[in-house]
Amino acid sequence: MKKEQVVNCQFSVWYPTFKKHTIKSLILPLPQNVIDYLLDDGTLVVSGREEPPSHSQNNDSGEEEEIQWSDDETTATATAPEFPEFTSKVQEAINTLDGSVFPKLNWSSPRDANWIAMNSSLQCQSLSDIFLLFKSSDFIAHDLTQPFIHCNDDSPDPQINYELVVRKWCELIPGGEFRCFVKENKLIGISQRDYTQYYDHISKQEDDTCRSIQDFFQENIQYKFLDEDFVFDVYRDSRGRVWLIDFNPFGEVTDSLLFTWEELTSGTNLRDENCGGETTEQDSPAFRYTTSDVTVQPSPCLSYRIPRDFVDLSTGEDTYKLIDFLKLKKNQQDDESDEDM
């Protein structure tokens, strides 16, 4: 995967070309002081909040003033920096998009952080909602710090102008989202996006779904994107209309879902899974989806809700952490045995 491919998948690069096929969105340049705030590892203090109206209190009743119980001079209250001009621009953009938006940066959305929101949703109505998600998201941190980490070319990292993208909020049913893989400008694979769940309508509408996505690709995307290898996400609504959602690089930085990257790059195991079982059409893409409740799995984003060390221990992915943990438990048991003697 080349750095140029990553650059071409930035929202502001592809949106002008495909604007009429996707959700209405607005793009705002991200000031450097906002970027610094998002990267600050300190206490999560959310900026951009609207202050509650101050109420003047009449002291006619003779009530005593509120007592300040702490006189410790070293006690400091964590306060978030304020960005009044940027806050005003963001709120204006949100209002233009009917008051509720889906936020993202140049590439990623904070979908790994929806657990921290009050409504467990990525729906935002103010800059403070956006900041809460962004500062809690590893995906956003990756965009800001390591966007080219999986690239294999030695060219200097391109200069990135970071942007906040706000998209008009739409209630999308997860069972209508699909990820499409394109190699050499040919659609080679389609995967159910929310592959951890079983949706009965996908199996019943397999042929129609695959055909409508193929038609959408051929009419609106093929040979129009800047690269010949790329990944794009679509949404198929209840009327069968297909909408473009996003573009992603063709490489391991992008989740391959029900495929493996070895299959996608080599073409292995794709020929016998053509849409609708059609093995005669050479250009027909492989279509994969969850076929029964038996294969339902937990969401991969659940791992972002607990410390990473816990995940590594439970899966055995980090043997050194497991060894340290077992040593700790053994020492605790030895100490308890000594106390009993």
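Every chain is numbered on its own, with residues counted from 1 as its sequence reads. For a predicted model such as this one, the threshold for reporting local features is a pLDDT of at least 70, and the threshold for listing and counting side-chain atom pairs is 80 or more; totals across whole chains, interfaces and linings nevertheless cover every residue. Hydrogens and water are ignored here; the side-chain numbers use all heavy atoms of the structure.

### With respect to the overall build of the protein
Here a strand is any run of E in DSSP of at least two residues, a helix any run of H or I of at least four, and the numbering for each starts at the N terminus. Regarding its fold elements, the protein presents 11 helices and 8 strands. Categorising residues by exposure relies on relative accessible area from a 1.4 Å probe, with only protein chains included: less than 20% of the type maximum marks a residue as buried, more than 50% marks it as exposed, and the intermediate range marks it as partly exposed. Among the 341 residues that make up the protein, the fraction classed as buried is 43%. Residue contacts are defined here by distance: any two heavy atoms, one from each residue, within 4.5 Å place the two residues in contact. Considering only contacts in the protein between residues 6 or more positions apart, those separated by 24 or more positions represent 72%. Counting only carbon and sulfur atoms, one obtains 47% of the accessible surface of the protein, whose full area is about 20,600 Å². Reported accessibility uses the Shrake-Rupley method at a 1.4 Å probe radius. Residues are deemed covered only where the shown protein chains occlude them.

### Let's talk about the pairing of strand S5 (residues 186-192)
Burial runs high along S5: 6 of the 7 residues are buried. Bridge count for strand S4 (residues 177-183) against S5 is 6 bridges, and the pairing is antiparallel. Directly across from Arg 179, in S5, lies its bridge partner Ser 191. The criterion for strand pairing is that DSSP finds at least two bridges linking the strands in question. The turn linking S4 back onto S5 is made up of 2 residues, and Glu 184 within it adopts a positive phi angle of 55°. Looking at chain direction, S5 and strand S8 (residues 286-288) are connected through 3 bridges and run parallel. Bridge pairing in S8 links Gly 189 to Ala 286.

### Describing the sheet that holds strand S3 (residues 163-168)
Pairing within the open sheet is antiparallel, and its 3 strands lie in the order S1-S3-S2. Whereas interior strands pair on both sides, the edge strands pair on one side only; in this sheet they are strand S1 (25-29) and strand S2 (101-104). Neighbouring strand axes in the sheet, compared pairwise and without regard to direction, differ in orientation by 20° on average. Across 4 bridges, S2 lies against S3 in antiparallel orientation. All axes are obtained by fitting lines to C-alpha atoms, using only the stretch in contact for helices, and the reported angles, taken between N-to-C directions, cover 0 to 180 degrees.

### So, the confidence of the model for the protein
A residue's pLDDT is the predictor's confidence in that residue, given on a scale from 0 to 100. Averaged over all residues, the pLDDT of the protein equals 83, while 72% of them reach at least 70. In this model residues 51-65 is a low-confidence stretch, pLDDT under 50, and it forms 0 contacts with partners more than four residues away in sequence or in other chains.

### Describing the pairing of S3
Among the 6 residues that make up S3, 5 are buried, leaving the element largely enclosed by the rest of the structure. Here 5 bridges tie S1 to S3, and the two strands are oriented antiparallel to one another. Residue pairing for S3: Leu 26 is matched across the bridge by Val 166.

### Points about the nonpolar core
With 64 residues, the main nonpolar core has Leu 30, Phe 86, Ile 130, Ile 190, Ile 221, Phe 232 and Phe 247 as its most contacted residues. The contacts of Phe 86, once residues within four sequence positions are left out, are Pro 29, Leu 30, Pro 31, Val 34, Leu 127, Phe 131 and Leu 164. In terms of nonpolar packing, the next biggest core, distinct from the first, is built from 9 residues, Ile 188, Val 231, Phe 250 and Leu 270 among them. Here, nonpolar core means buried Ala, Val, Leu, Ile, Met, Phe, Trp, Tyr and Cys residues that are tied together by side-chain atoms lying within 4.5 Å of each other.

### A look at the sheet that holds S5
In spatial order, the strands read S7-S6-S4-S5-S8; together these 5 strands make up an open sheet with mixed pairing. Two strands lie at the open edges of the sheet, namely strand S7 (242-249) and S8, each paired on one side alone. When the angles between neighbouring strand axes are averaged without regard to direction, this sheet yields 20°. Helix-sheet contacts for helix H8 (residues 206-221) involve S4, S5, strand S6 (230-236), S7 and S8, and the interaxial angle to S6 is about 125°.

### What to know about helix H3 (residues 32-39)
For H3, the full list of buried residues reads Val 34, Ile 35, Tyr 37 and Leu 38. Looking straight down H3, one finds its buried side chains confined to an arc of 160°; they lie on one side. Think of it as the arc spanned by the lines of direction from the helix axis to the C-beta atoms.

### Some remarks on the packing of aromatic side chains
Ring geometry is summarised as follows: Phe, Tyr and Trp rings, the Trp one being its six-membered ring, pair when their centres sit within 6.5 Å, and such pairs are stacked at plane angles under 30 degrees, edge-to-face over 60 and tilted between the two. Applying the stated rule across the entire model yields 20 aromatic pairs. Judged by centre distance (6.2 Å) and plane angle (40°), the rings of Phe 230 and Phe 232 are tilted. Using a relative accessible area of 0% as the deciding quantity, one classes Phe 232 as buried. Charge over a ring is defined by NZ of Lys or CZ of Arg lying within 6 Å of the ring centre and within 35 degrees of the ring normal. Lying across the ring of Tyr 37, Lys 135 places its NZ or CZ 4.5 Å from the centre.

### What to know about the environment of Ile 190
With respect to the helices and strands, the residue Ile 190 is situated in strand S5. What makes Ile 190 buried here is its relative accessible area of 0%. Sequence separation between Ile 190 and Arg 179 is 11 residues, and the spatial gap between their C-alpha atoms is 5.7 Å. Residue contacts for Ile 190: discarding those within four places in its chain leaves Phe 178, Arg 179, Cys 180, Cys 210, Ile 213, Phe 259, Cys 275, Pro 285, Ala 286, Phe 287 and Arg 288.

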